[in-house]
Amino acid sequence: MEEEKKSPKHVAIIMDGNGRWAKERGLPRLKGHEQGIEALRRTVRATIDLKLEILTVFGFSTENWNRPTREVNGLMRLAKYFMKTDVDELHRAGVRLRVIGNRDGIDPKLRHMIDEAEKLTADNRQLTFVVAFNYGCRQEIARAVRRIAEKVAKGLFDPKTISAEMVQQHLYIADLPDPDLIIRTGGEIRLSNFLLWQSAYAELIFLDTLWPDFDRNILQQAIEEFQRRDRRFGCVKA
Ligand code: IPE
Ligand code: IPE
Ligand code: MG
């Protein structure tokens, strides 16, 4: 009998290629980011329809501050615009929003919008939508190490008891499963400091599609590819 095809519970996406999408059309890079928001809206709707439990997206990396000020300002403006225009609809659709990353580094107004949106949607369970914003996994791991060290210094536990499980418990999100599938659009074959710890056993799919062109069909094809993969987690098949 054919095994039942397992859908991923948690899909994570590195939304890359906005700048190139705009450049191909002779448009400013920000136009690509604007279309990227449209692609994100489509993707959230598709993940709800496909009944995935968790969607994580990479919105802004700790390294993205090194881009020209104009682009960084534009991205921050777009983030505020998204929070302003989309949170109510996400809430009505039963989406729980969580934002991971260094919140201290972002504009207080945006930070406030994020705090409020998380509070508003905290009890929703249709989809958990995690946005990585001002996020880098090395920084996330360093933060976890710091938090553990503080507890050791207070004498709360013996360093000998530090395990992988304990490190995981001190990451931004301790209560959600790791991503089963990570998709990167935009043709680059790298993780760029995204979920390095959490991707230990994720299936990786790299697509040439530029993020503004991403849609439900492409997501479905990626899920089908995931279903054809044989996940062994280091074991051998019986
Ligand atoms: C991804 O698109 C969006 C962010 C990093 C914020 P890029 O802006 O990296 O687009 P490319 O890679 O230059 O095409
Ligand atoms: C990764 O894309 C960050 C986001 C998608 C938010 P980048 O475009 O910043 O990654 P690199 O510079 O190509 O590695
Ligand atoms: Mg890029």
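For the structure, check the block above.
Residues numbered from 1 in each chain as written. Chains lettered and ligands numbered in written order. Predicted model: local features only at pLDDT ≥ 70, side-chain atom pairs only at ≥ 80, totals over all residues. Heavy atoms only, no water.

Formed by 44 residues in total, the largest nonpolar core has its most connected members in Ile13, Phe129, Phe133 and Ile183. Here the element with the most residues in this core is helix 3 (residues 69–92); it accounts for 9 residues. Within the second largest apolar cluster, 16 residues are counted, among which are Ile54, Ile100, Ala132 and Cys137. (Core = buried A, V, L, I, M, F, W, Y, C linked by side-chain atoms within 4.5 Å. Buried < 20%, exposed > 50% of the residue type's maximum accessible area, 1.4 Å probe, protein only. Helix = DSSP H or I, 4+ residues; strand = E, 2+ residues; numbered from the N terminus.)

It is possible for side chains bearing opposite charge to pair when their charged atoms get close. On inspection of all chains with the given rule, the structure shows 22 salt bridges. Two residues, Arg41 and Glu38, come together in a salt bridge whose shortest N-O distance is 2.8 Å. With Arg41 and Glu38 both in helix 2 (residues 29–49), this residue pair falls 3 residues apart, about one helical turn. Looking at Arg41, the relative accessible area reads 16%, which means it is buried. When the shortest N-O distance is used, the salt bridge between Asp180 and Arg231 registers 3.2 Å. Pair noted here: Asp180 is in the loop between helix 6 (164–169) and strand 5 (181–184) and Arg231 is in the segment after helix 7 (216–228), with a separation of 51 residues, a long-range link. Taking relative accessible area as the criterion, Arg231 reaches 25% and is therefore assigned partly exposed. (Salt bridge = Lys/Arg side-chain N within 4 Å of Asp/Glu carboxyl O.)

At a closest axis distance of 10 Å, the pairing of helix 2 and helix 3 adopts a crossing angle of 25 degrees. Considered as vectors, helix 2 and helix 3 are oriented roughly parallel to each other. Pair helix 2 / helix 3 crosses with right-handed handedness. Where helix 2 approaches helix 3, its residues Arg29, Leu30, His33, Glu34, Ile37, Leu40, Arg41 and Val44 are matched on the opposing element by Arg70, Glu71, Gly74, Leu75, Arg77, Leu78, Tyr81, Phe82, Thr85, Asp86 and Leu90. A per-class count over the contact of helix 2 with helix 3 returns 9 nonpolar, 3 polar and 7 charged. (Axes fitted to C-alpha atoms, helices over the stretch in contact; angles between N-to-C directions. Parallel < 35°, antiparallel > 145°, perpendicular 65-115°, else oblique. Left-handed = near helix turned anticlockwise from the far one by under 90°. Contact = heavy atoms within 4.5 Å. Nonpolar A, V, L, I, M, F, W, Y, C, P; charged D, E, K, R; others polar.)

Here we come to the site of ligand 1. By nearness alone, 13 residues border ligand 1, and Asp16, Gly19, Arg20, Arg29 and Arg67 come closest of all. Asn18 has a polar backbone atom sitting 3.1 Å from an oxygen atom of ligand 1. Measuring from an oxygen atom of ligand 1, one finds a side-chain N or O atom of Arg67 at 2.7 Å. Relative to its free-state accessible area of 380 Å², ligand 1 is covered by the protein chains to the extent of 87%. Only helix 1 (18–24), helix 2 and helix 3 provide two or more residues apiece to the shell around ligand 1. Counting residues per element, the shell around ligand 1 draws most heavily on helix 1, which supplies 3 residues. (Near = heavy atom within 4 Å. Polar contact = N/O pair within 3.5 Å; in protein donor to acceptor, adjacent residues only side chain to side chain. Areas by Shrake-Rupley, 256 points an atom, 1.4 Å probe, with all protein chains shown as cover.)

The subject of this paragraph is the packing of helix 3 against helix 4 (residues 108–121). Helix-helix packing is described using two parameters, namely the angle between the two axes and the distance between the axes. Here helix 3 crosses helix 4 at 15 degrees, and the two axes come no closer than 10 Å. Accordingly, the angle class assigned to the pair helix 3 and helix 4 is roughly parallel. Between helix 3 and helix 4 lies a crossing whose hand is left-handed. Facing helix 3, whose interface residues are Met76, Ala79, Lys80, Met83, Lys84, Val87, Asp88 and His91, helix 4 presents Leu110, Met113, Ile114, Ala117, Leu120 and Thr121. Looking at the contact of helix 3 with helix 4 residue by residue, the class counts come to 9 nonpolar, 2 polar and 3 charged.

Before going further, it helps to examine the side chain of His33. Tracing the backbone shows His33 in helix 2. There is a polar contact of 2.8 Å between the side chain of His33 and the side chain of Glu71.

On to the packing of aromatic side chains, then. A complete count under the given rule lists 8 aromatic pairs for this structure. Their ring planes at 85 degrees and their centres at 6.0 Å tell us that Phe58 and Tyr135 sit as a pair that is edge-to-face. Pair noted here: Phe58 is in strand 2 (residues 54–61) and Tyr135 is in strand 4 (residues 127–135), with a separation of 77 residues, a long-range link. For the pair shown, Phe58 and Tyr135 are each scored as buried. Plain terms: the ring middles of Tyr135 and Tyr172 are 6.2 Å apart, the flat faces sit at 55 degrees to each other, and that makes the pair tilted. Taken together, the residues Tyr135 in strand 4 and Tyr172 in the loop between helix 6 and strand 5 connect sequence positions 37 residues apart. (Phe/Tyr/Trp six-rings, centres within 6.5 Å; stacked < 30°, edge-to-face > 60°.)

Geometric values such as these leave the question of function open.
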